[in-house]
Amino acid sequence: MTANKAFSSSRRLCSLLLLGTVLGGITAPAHAQQAIPAPAGAQPAPAAALPGSGIIRSITVTGNQRLEPETVISYMKLRPGETYTAERGDEALKDLFATELFADVGIRFNNGVVAVEVRENPVINRIILEGNKRLKEEKINPEIKLAPRQIFTRTKARADVARIIELYRRQGRYAAQVEPKIVQLDQNRVDVVFEIQEGPRSKVQQINILGNEKFSDGELRSEMLTKQARLTSFFSSNTTYDPDRLAYDQQKLRQFYLTNGYADFRVVSAVAELTPDRRDFIITYVVEEGDRYKFADVKVESAVRDLKPEVLQPILPMKAGDWYDAKQIEDTITRLNETAGLFGYAFADVRPQFERNKEDKTMSVTFQVAETPRVYVERVDINGNTNTRDKVIRREFRLAEGDPFNSVRVKRSQDRVQSLGFFQEKLEVEQEQGSAPDRVVLGVDVEERSTGDLQLSAGFSSLERFLVNLSIRQRNFMGKGQELRASANYSSYSKSVELGFTEPYLFDRNIAVGVDIFRRDFSNFNFIGGGRQRNTTYEQISTGGQLRMGVPLTEYMNLALRYGLSRDEISLSRENFFSDPDGPGPLPLQCDPLRAGRYLCDAIGERTTSSVGYSLVYSTLNNGLRPTRGERAVLNQDFAGLGGDVRYLRTRLSGAKFFDVGRGFIFSTSLEGGYIHSFEKARGPGIDPVRLTDRFFLGEPQLRGFDIRGVGPRIQRVRFDEQGNPIIEERRNITDDALGGRAYYQGRVELEIPLGSSGRELGLRPSIFADVGALFGLKQPPLLNIGRFCVAGTGEQSTVLPGVECPAGTAQSTPGFREIYLGDTAKPRISVGAGVNWNSPFGPFRIDIAKALTKAAGDDTKLITFNVGTGF
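Residues numbered from 1 in each chain as written. Predicted model: local features only at pLDDT ≥ 70, side-chain atom pairs only at ≥ 80, totals over all residues. Heavy atoms only, no water.

Quick word on the overall build of the chain
Thought 1: Secondary structure summary: the chain contains 15 helices and 39 strands in total.
Thought 2: Scored against the burial criterion, the 872 residues of the chain give a buried share of 42%.
Thought 3: Put simply, the chain shows about 45300 Å² of open surface, and 53% of that area lies on carbon and sulfur atoms. (Helix = DSSP H or I, 4+ residues; strand = E, 2+ residues; numbered from the N terminus. Buried < 20%, exposed > 50% of the residue type's maximum accessible area, 1.4 Å probe, protein only. Areas by Shrake-Rupley, 256 points an atom, 1.4 Å probe, with all protein chains shown as cover.)

As for the sheet that holds strand 6 (residues 123–130)
Within a sheet, adjacent strands bond to each other through the backbone by hydrogen bonds, running parallel or antiparallel.
Thought 1: In spatial order, the strands read 6-8-7; together these 3 strands make up an open sheet with mixed pairing. Looking at which strands have only one partner, the edges of the open sheet turn out to be strand 6 and strand 7 (177–185). Sheet twist, expressed as the average angle between the axes of neighbouring strands with direction ignored, equals 20°.
Thought 2: Those strands touched by helix 5 (residues 154–170) are strand 7 and strand 8 (189–197), and its axis lies near 25° from that of strand 8. (Pairing = 2+ DSSP bridges. Axes fitted to C-alpha atoms, helices over the stretch in contact; angles between N-to-C directions. Contact = heavy atoms within 4.5 Å.)

A few points about the nonpolar core
Thought 1: Ranked by internal contacts, the top residues of the largest apolar core, which has 23 residues, are Phe-295, Met-318, Tyr-324, Ile-329, Phe-367 and Val-369.
Thought 2: Put simply, the parts of the chain that give this core at least two residues each are strand 12 (294–302), helix 9 (326–342) and strand 14 (362–369).
Thought 3: Those residues within four positions of Met-318 in sequence are excluded, and the remaining contacts are Phe-295, Val-298, Gln-328, Ile-329, Thr-332 and Phe-367. (Core = buried A, V, L, I, M, F, W, Y, C linked by side-chain atoms within 4.5 Å.)

Focus: the packing of aromatic side chains
Thought 1: Throughout the structure, instances matching the rule amount to 17 aromatic pairs.
Thought 2: Taking the centre distance of 6.1 Å and the plane angle of 75° together, the rings of Phe-422 and Phe-423 count as edge-to-face.
Thought 3: Here a set of aromatic residues connected by ring pairs shows up, and it is made of Phe-215, Phe-256, Tyr-257, Tyr-262 and Phe-265.
Thought 4: Its end group placed over the ring of Tyr-293, Arg-356 keeps NZ or CZ at 5.6 Å from the ring centre.
Thought 5: The ring of Phe-518 has Arg-520 lying over it, and the distance from NZ or CZ to the ring centre is 3.9 Å. (Phe/Tyr/Trp six-rings, centres within 6.5 Å; stacked < 30°, edge-to-face > 60°. Lys NZ or Arg CZ within 6 Å of the ring centre and 35° of its normal.)

As for unusual backbone geometry
Thought 1: Residue Pro-701 is bonded to the preceding Glu-700 through a cis peptide linkage, with omega at 5°.
Thought 2: Mapping Pro-701 onto the fold places it in the loop between strand 28 (665–678) and strand 29 (714–719).
Thought 3: Even without being glycine, Phe-507 reaches a positive phi, approximately 50°.
Thought 4: Its location among the elements puts Phe-507 in the loop between strand 21 (494–503) and strand 22 (512–528).
Thought 5: Although it is not a glycine, Arg-709 sits at a positive phi angle of roughly 55°.
Thought 6: The topology assignment puts Arg-709 in the loop between strand 28 and strand 29.
Thought 7: When its relative accessible area of 13% is taken as the criterion, Arg-709 is described as buried.

Describing a negative patch on the surface
Thought 1: Residues Glu-428, Glu-430, Glu-432, Asp-445 and Glu-447 make up a contiguous surface patch of negative charge.
Thought 2: Within the fold, Asp-445 resides in strand 17 (residues 439–445). (Patch = residues over 30% accessible without salt bridge, like charges linked within 9 Å, V, L, I, M, F, W, Y side chains within 5 Å. Salt bridge = Lys/Arg side-chain N within 4 Å of Asp/Glu carboxyl O. Lys, Arg positive; Asp, Glu negative; His and termini not counted. Charge placed at Lys NZ, Arg CZ, Asp CG, Glu CD.)

Section: the pairing of strand 7
Thought 1: Bridge count for strand 7 against strand 8 is 9 bridges, and the pairing is antiparallel. Of the residues in strand 8, the one forming a bridge with Leu-185 is Arg-189.

Re helix 3 (residues 86–98)
Thought 1: A rise of 1.5 Å per residue sets the reference length of helix 3, with its 13 residues, at 18 Å; its end C-alpha atoms lie 18 Å apart and thus fit the reference within 8%.
Thought 2: All of the buried residues along helix 3 are Gly-89, Ala-92, Leu-93 and Leu-96. Down the axis, helix 3 shows its buried residues gathered within 105° of arc, on one side only. Exposed side of helix 3, more than 90 degrees from the buried face: Glu-87, Lys-94 and Ala-98 are the residues found there.
Thought 3: For helix 3, the elements touching its buried residues are helix 2 (69–74), strand 3 (83–84), strand 4 (102–110) and strand 5 (113–120).
Thought 4: Of the residues flanking the end of helix 3, it is Glu-100, one or two places downstream, whose phi is positive at about 60°. (Expected span 1.5 Å × (residues − 1). Arc of directions from axis to C-beta.)

So, the confidence of the model for the chain
Thought 1: Here the chain shows a mean pLDDT of 83. Residues at 70 or above account for 85%.
Thought 2: In the predicted structure, residues 1–47 sits below a pLDDT of 50 and forms 75 contacts with residues beyond four places in sequence or in another chain.
Thought 3: Low pLDDT, under 50, characterises residues 581–588; the stretch is placed with 9 contacts to residues that sit more than four places away or in other chains. (pLDDT = per-residue confidence, 0-100.)

Here it is in structure tokens:
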């Protein structure tokens, strides 16, 4: 065989090895299925150093395009003047391949000349992804290490394929396939194409459990996070296979058995197998339950002077004879640590010691509290706040540098920072060892979120029909914790402009001050025809403002003081409620009780209200915006009479409590009541001393299942037919006017239901609820009972009682009406229903479906209610 033939055979063998093993399935598209060509004019290069030996006189490099010969030589250990051997030639060959710059390399030694022939790897022109629909390019590209203008190597391409497949596996797409291909271009350049076949999500078709005798398969599956794919689990994301979730489910099984007394339980094996079609998985657990244990002696031993065992013993929740529960052990350790924290021991070491008796199947537990020094706060570290100033966060801490450590104050600090509403949910204050054993560093890593609301919307609500709303609010103005707000609203029945500002810490002292100014134009209405038609009754224009100040009395109690001044103008429609709208005389004299009712005629006019009030607030809520635990009680009183035309005392009392009942369920209950007492003189017989616009009203949205102002005292006008009989069967013949009340109460119980990850991402928060309430305590107004309206030939109008005919000579006679007073009772109105909050792209949306279970005569019910920014 000649030297050239031997060289050629060696090169072909190397090329097959490279394309078959190193490439690992990487091929070019059909239109570019060809080997990477050698440089023009170059001879084929061998893949191994040919034998030979001698002194190296010179080294030559051929076939290089981008690299200088000196650069290629620098990668080898061969130098002129040294001895060349076949072994050193093979070593140089490996060194050059290790650079991953060359697709092929050959070395020959002839008469003292080392000839190095190379074929450089191509340069990447661009990276192309094809077939990816479920994963966008912005998610895949960061995982690809190959990049334009880099050297292409098969090793990097294979690594990129593995990373892309791993991305799809994280999504549960285990059938995903990625085939990399190269498209050769001129100038030794290539396009790298990753052809992706995503495949479907791999579901968990079945979960088998072997070895369980005490609990059924269904009970154990219910404890797992992974669920079997069924039609009922269409919206669940836990039916996809996830190896991390498989490990988590093993821990859930262990936790379940340990909390039920099976201390020896273990998962022998957990195997996930692909179905024959390689689309889904079947998971099989093999478990060993063991015996069930009870607690024997449970005691505490303490080496800390301030923590006596007799003081700690009552904290233990378990007693001898109770079934063993590992969760109780963990909770007890937490309680003992918290108790130690109350005494300033931040790093108390509580270790449970177990003594198992397999004969009588009991477990003795001794909680040993090791000796530890009392701890002081070394410093407070705050990280992550880019907009909020440090002092806004620090002033919410109940501990400062140098203070004795107290776990209750740490928890309270965490709740207060969380209640600001400026940061992420589930914020935590971490405790770390300080520079000495008796020092602790408190740290909080915050993630700032949107604290501004910019809302520009037009929509439709069941309360105000068509509406337009423009509002802007910043709860953390300039990062100082100040609140600035402005709003303008326009709807069919109300128009308003409001401005407000609140400084929570005046001159860096815990004194809050604020100011509000407003202009409100409100149109009251009654219902005609059972709620199918609204008729505007009176219009109220209010202009005024309020000054506010708040100070803390204790850690959980605050006092807020306020002074308000407003001017109200109340008027009636001249067309609908005046008998002689074009006649002379002052406005009140033109109000016609036959058209408006005496209660409306008494309300019109102008008056000034000057009031001073206070609010006493007690709150232990963990979050002021979306609480999950804690309670809140508020006492409000406002006295009007410091000047002005109105004198009354309005009192309100409310309370609420929230419970985290586990698994994401939040249960809440609330109760509220109020009463208003007038200090004005009697305004006439049958006229309530409290003006119509100062009374309480109840209905939507406070009491779901009832219409707006649908509960409480009201007057209904029932028309007579031509024979003088009341038409009460047809609601279109009844006009309904809500009068409000002087006293009310309302209560609510609600359970917020958690959703899966898909529902949470959509911002859905469903709940079920029950509401109760009543509005009452009004003095009954004079009622009209008119049989017919009689109009004489001169145009003069008169009325007669029911059953009485109009006088002779009457030119026109029309049926009258009768007024009925209803709804003034403390009897509870009860409704139940379900609703959902949705943080939609168009702003917050709430819809409720509620059914009134009990109601009083005259109440207006409503089955469905709904009400429709952008954060910055």
